[in-house]
Amino acid sequence: MMRLTLKCTGGFAGPAGAQTRTVDLAKLPPDQSSQLEQLLHASDFFTLPPKLVKEAPKSWDFQYDLEVDDGGKAHCVRYHLDQASPALKTLTEKLNDEVDPD
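The present account deals with the structure reproduced in this document. (Residues numbered from 1 in each chain as written. Predicted model: local features only at pLDDT ≥ 70, side-chain atom pairs only at ≥ 80, totals over all residues. Heavy atoms only, no water.)

Some remarks on the environment of Leu-91
With respect to the helices and strands, the residue Leu-91 is situated in helix H2 (residues 86-98). In this structure, the C-alpha to C-alpha distance between Leu-91 and Phe-12, residues 79 residues apart in sequence, is 23 Å. In this structure Leu-91 touches Leu-4, Leu-36, Leu-39, Leu-40 and Leu-66, once residues within four positions along its chain are discounted. (Helix = DSSP H or I, 4+ residues; strand = E, 2+ residues; numbered from the N terminus. Contact = heavy atoms within 4.5 Å.)

What to know about the pattern of salt bridges
In total, this model carries four salt bridges according to the counting rule given. Between Arg-3 and Asp-24 there is a salt bridge whose closest N-O contact spans 3.9 Å. Of the two residues, Arg-3 sits in strand E1 (residues 2-10) while Asp-24 sits in strand E2 (residues 14-24), which places them 21 residues apart along the sequence. A residue is classified by how much of its surface remains accessible, and Asp-24, at 12% relative accessible area, is buried. (Salt bridge = Lys/Arg side-chain N within 4 Å of Asp/Glu carboxyl O. Buried < 20%, exposed > 50% of the residue type's maximum accessible area, 1.4 Å probe, protein only.)

So, in structure tokens, the structure goes:
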């Protein structure tokens, strides 16, 4: 069982506007689950450093924390989209756009 938790803070609402989405891949339709898993693997998520952030972020920059729990192993990365790989950006967009928040 793989679970993804995406927390987004920033924008003009700052910490007060934080949004968290938790996705259990086993509960998604197979095509959506497969697509998210492929993006996760394409980004080499489990080998990424814990932080991929800008040196001088603006207060309105969105910051993401993505935690992936894959049964026995878990990893969390904090990042800004413009520091993320194309696969990680696409994964973030898919989680934001296509998955209903809990």
